[in-house]
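Chain by chain, the residues run as shown.
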Amino acid sequence: MKAVFGGATIKVWFNTLSTSRNFKNVAEIVQEGNAVLIKTGNGDQHLLNFENVNMIEEIETGMDLKIQELKEKFNKTN
């Protein structure tokens, strides 16, 4: 499985003690078997054991931030 993002912030929830980790500027997530590879826009790569992952959620998208900035800029000029 492969998912492509445009600079999103991804939260990965792990099975133990409700712990999570945020990954910023995510460009791609590739899952194959029990391995998940998270690639960021700046070239960083994070390899996770998928058996330890409870949930992956997108909490912020790069495009949404740009749209919000444009809305705020438009509102200030009107």
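First, a word on scope: everything that follows refers to the structure included in this document. (Residues numbered from 1 in each chain as written. Predicted model: local features only at pLDDT ≥ 70, side-chain atom pairs only at ≥ 80, totals over all residues. Heavy atoms only, no water.)

**What about the overall build of the chain?**
Then, number 1: The helix and strand tally for the chain stands at one helix and five strands.
Then, number 2: When the elements of the chain are put in sequence order from the N terminus, they spell out β-β-β-β-β-α.
Then, number 3: Evaluated residue by residue, the chain yields a buried proportion of 23% over its 78 residues.
Then, number 4: Across the chain, the fraction of contacts at a sequence separation of at least 24, relative to all contacts at a separation of at least 6, is 42%.
Then, number 5: When the accessible area of the chain is evaluated, it comes to approximately 5700 Å², of which 52% is carbon and sulfur surface. (Helix = DSSP H or I, 4+ residues; strand = E, 2+ residues; numbered from the N terminus. Buried < 20%, exposed > 50% of the residue type's maximum accessible area, 1.4 Å probe, protein only. Contact = heavy atoms within 4.5 Å. Areas by Shrake-Rupley, 256 points an atom, 1.4 Å probe, with all protein chains shown as cover.)

**With respect to the environment of L48**
Then, number 1: Of note, L48 is situated in strand 4 (residues 45-49).
Then, number 2: Expressed as a C-alpha distance, the spacing of L48 and I38, which sit ten residues apart in the sequence, is 8.1 Å.
Then, number 3: When near neighbours in sequence (up to four residues on either side) are disregarded, L48 contacts V12, F14, F23, N34, A35, V36 and I38.

**Structural notes on unusual backbone geometry**
Then, number 1: Here the phi dihedral of N25 falls at roughly 60°; this positive angle occurs in a residue that is not glycine.
Then, number 2: For N25, the position within the fold is in strand 2 (residues 20-32).

**Section: the side chain of E28**
Then, number 1: Position of E28 relative to the elements: it lies in strand 2.
Then, number 2: A polar contact is formed between the side chain of E28 and the side chain of K2, at a distance of 3.4 Å.
Then, number 3: Those residues within four positions of E28 in sequence are excluded, and the remaining contacts are K2, A3, V4, L37, I38 and K39. (Polar contact = N/O pair within 3.5 Å; in protein donor to acceptor, adjacent residues only side chain to side chain.)

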